[in-house]
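Residues per chain are reported as follows:
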Amino acid sequence: MKLSVVCAALAVCSLAGAQPLSQDAKMKWFREAKFGLFIHWGLYAIPAGEWKGQAIPGIGEWIMNRAKIPVKEYEGLASQFNPVKFNADEWVKLAEDAGMKYIVITSKHHDGFAMYGSKASSYNIVDATPFKRDPIKELAAACARRKIRLGFYYSQAQDWHEPNGAGNSWDFGPDDKKDFDQYLRTKAEPQVRELLSGYGPVCLIWFDTPYLMNKERSQRFIDMVHQLQPATLIDGRLGSAGDYRSMGDNAIPNNVVEGYWEVPATLNRTWGYKKDDNEWKTPEDLTFKLVDIVSKGGNYLLNVGPTAEGVIPQPSQTNLRAVGKWLKVNGEAIYGAGPTPFGDELGATDKTRTDKNGRPVFVPATAWRCTTKPGRLYIHLFKWPGASFELNGLKDKVIKAYLLSNRRGTLKVKQVGDKLTVALPRQPADPLATVLALETRAN
Ligand code: JFZ
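Novice: What should I look at first to understand the pattern of salt bridges in this one?
Specialist: Close approach of charged atoms allows side chains of opposite charge to pair. On inspection of all chains with the given rule, the structure shows 31 salt bridges. When the shortest N-O distance is used, the salt bridge between R220 and E216 registers 3.2 Å. Pair noted here: R220 and E216 are both in helix α11 (residues 215-228), with a separation of 4 residues, about one helical turn. A salt bridge links D249 to R237; its shortest N-O distance comes to 2.5 Å. With a gap of 12 residues between them, D249 in the loop between β8 (245-246) and β9 (261-266) and R237 in the loop between β7 (233-234) and β8 connect regions that are remote in the sequence.

Structure, rendered in structure tokens:
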């Protein structure tokens, strides 16, 4: 029996016997999903980057910190928060249209405001706003209907609303004078328990900025997650190792990285809505980044920042749907696909150039990327190579070649030694990327 068959059988057995889920089985959906929607939504969408007539530099959801807004003043935003245009089904439909398989929404960001009905703190959207609805409940229901997984961002350490939470020095003084465990015990831990108890299956918890966290404090969250929802993944920013690594924001590694990981990234520059941030990445750029990340072994978690009315900015919607349209044709080369077996196509270090730390500069190459499945290579062409595509170093025999946009149009292949030549049509099939599928057999 093949190893993969044995593993699959074991995974099923352990489920049936109610034994702990194997790590491999637990990671299955994440391995296949590849593309998720991040949503940063909170009270910060009201000022949208501006406080008392002043544009506040930096990311939108940090406005309370950047403008050193006192808790008493910032709290006033809650009575103005009434996102009447919020429609959970439309948001989930957008994720679906974009070809995304999971959603991660801010249940509580650093400002401390819970975007769901929390019993642990009345500083929440149901109890403190005229809106009174629980958007997380509505999203959970819409996700269940559309079979999209739902996870929660939860700021476990920074909480600028609480005297003992990390991060608010302008109201409460330095962190090292705080009773941080008091805050964890009375707010963060009860709230994470609520999120894992009242909203159905939670695919992951996205903890962040582990100020003041240590092994023991992290372990309390890990134990709670394992006890309440053993299948829930923990990201890489809790304060000790999670189920996968979270890369730096918008930081795509240069080369293939082993193990499970995710790149959290923005469509413009901010996470939380900012009215003057219009630096939108193009669909071409987003598609390249998605393919680039998958070809290196990771997942792409791409963010939208809805307005205080509950609307996802139109450019975000348009650009995400363009990627989704490409995925409709080419998804086979993305979902569940593994990294490149090559690597030279990713770029190279230029030894004649050094960065500010004296290290040689890595110069990415952008002509093509490769993703894989058993017996398949997918060559994503970003720059049309002309009449043929040439590849060196392939050991396997190519038994069939075609474009994913035209599966019946078998392409002529020549293999001499380890040099492969595939005859291509004159024009690319898609301006975002044309995917050449190669069916292979081991020699
Ligand atoms: C954090 C948050 O502070 C920010 O508001 C946003 O939610 C973002 C997704 O995460 O910011 C970080 C955290 C870690 C890194 C960069 C920004 N990092 O490791 O590079």
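Novice: Looking at this model, I keep getting lost on the sheet that holds β9. Mind explaining?
Specialist: Through backbone hydrogen bonds, the strands of a sheet pair up, either in parallel or in antiparallel fashion. Across the sheet, which stays open at both edges, the 8 strands sit in the order β7-β6-β5-β4-β1-β10-β9-β8 with parallel pairing between neighbours. If you trace the sheet from one side to the other, it starts and ends with β7 and β8, each paired once. Across 5 bridges, β9 lies against strand β10 (residues 299-304) in parallel orientation. Bridge pairing in β10 places V263 opposite Y300. Those strands touched by helix α10 (residues 180-197) are β4 (102-108), β5 (149-154) and β6 (204-207), and its axis lies near 170 degrees from that of β5.

Novice: Please explain helix α12 (residues 283-295) as it appears in this structure.
Specialist: For α12, which comprises 13 residues, the first-to-last C-alpha distance of 18 Å matches the rise-based estimate of 18 Å (1.5 Å per residue) to within 8%. Along α12, the residues that are buried comprise P283, L286, T287, F288, L290, V291, D292, I293, V294 and S295. Looking at the buried positions of α12, the neighbouring elements they touch are β1 (35-39), β9, β10, α13 (314-330), β13 (368-373) and β14 (376-381). Immediately downstream of α12, the backbone of G297 shows phi near 105 degrees, a positive value.

Novice: I would appreciate a short explanation of the environment of F342 in the present structure.
Specialist: Along the chain, the position of F342 falls in the loop between α13 and β11 (347-354). The partly exposed category is assigned to F342, whose relative accessible area is 25%. Between the C-alpha atom of F342 and that of N392, which follows or precedes it by 50 residues, the distance is 9.3 Å. Contacts of F342, omitting those with residues within four sequence positions, involve W368, C370, L377, L391, G393 and L394.

Novice: Looking at this model, I keep getting lost on the site of the ligand. Mind explaining?
Specialist: H40, E61, H109, H110 and D208 are the nearest of the 14 residues found near the ligand. Within the contact set of the ligand, an oxygen atom lies 2.7 Å away from a side-chain nitrogen or oxygen of H40. Take R237: an N or O atom from its side chain is 3.2 Å from an oxygen atom of the ligand. For the ligand, the protein covers 73% of the area, taking 450 Å² as the surface of the free molecule. Partitioning the shell around the ligand into residue classes produces 5 nonpolar, 5 polar and 4 charged.

Novice: Sorry if this is basic, but what is going on with the confidence of the model for the chain here?
Specialist: Of the residues in the chain, 96% have a pLDDT of 70 or more, and the chain-wide mean is 95. In the predicted structure, residues 1-16 sits below a pLDDT of 50 and forms 8 contacts with residues beyond four places in sequence or in another chain.

Novice: Just checking my understanding: could you explain the environment of F35 for this structure?
Specialist: Tracing the sequence through the fold places F35 in strand β1. With residues near it in sequence (within four places) discarded, F35 still touches A98, G99, M100, K101, Y102, L290, Y300, L302, V323 and L327.

Basis of the calculations
Residues numbered from 1 in each chain as written. Predicted model: local features only at pLDDT ≥ 70, side-chain atom pairs only at ≥ 80, totals over all residues. Heavy atoms only, no water. Salt bridge = Lys/Arg side-chain N within 4 Å of Asp/Glu carboxyl O. Helix = DSSP H or I, 4+ residues; strand = E, 2+ residues; numbered from the N terminus. Pairing = 2+ DSSP bridges. Contact = heavy atoms within 4.5 Å. Axes fitted to C-alpha atoms, helices over the stretch in contact; angles between N-to-C directions. Expected span 1.5 Å × (residues − 1). Buried < 20%, exposed > 50% of the residue type's maximum accessible area, 1.4 Å probe, protein only. Near = heavy atom within 4 Å. Polar contact = N/O pair within 3.5 Å; in protein donor to acceptor, adjacent residues only side chain to side chain. Areas by Shrake-Rupley, 256 points an atom, 1.4 Å probe, with all protein chains shown as cover. Nonpolar A, V, L, I, M, F, W, Y, C, P; charged D, E, K, R; others polar. pLDDT = per-residue confidence, 0-100.

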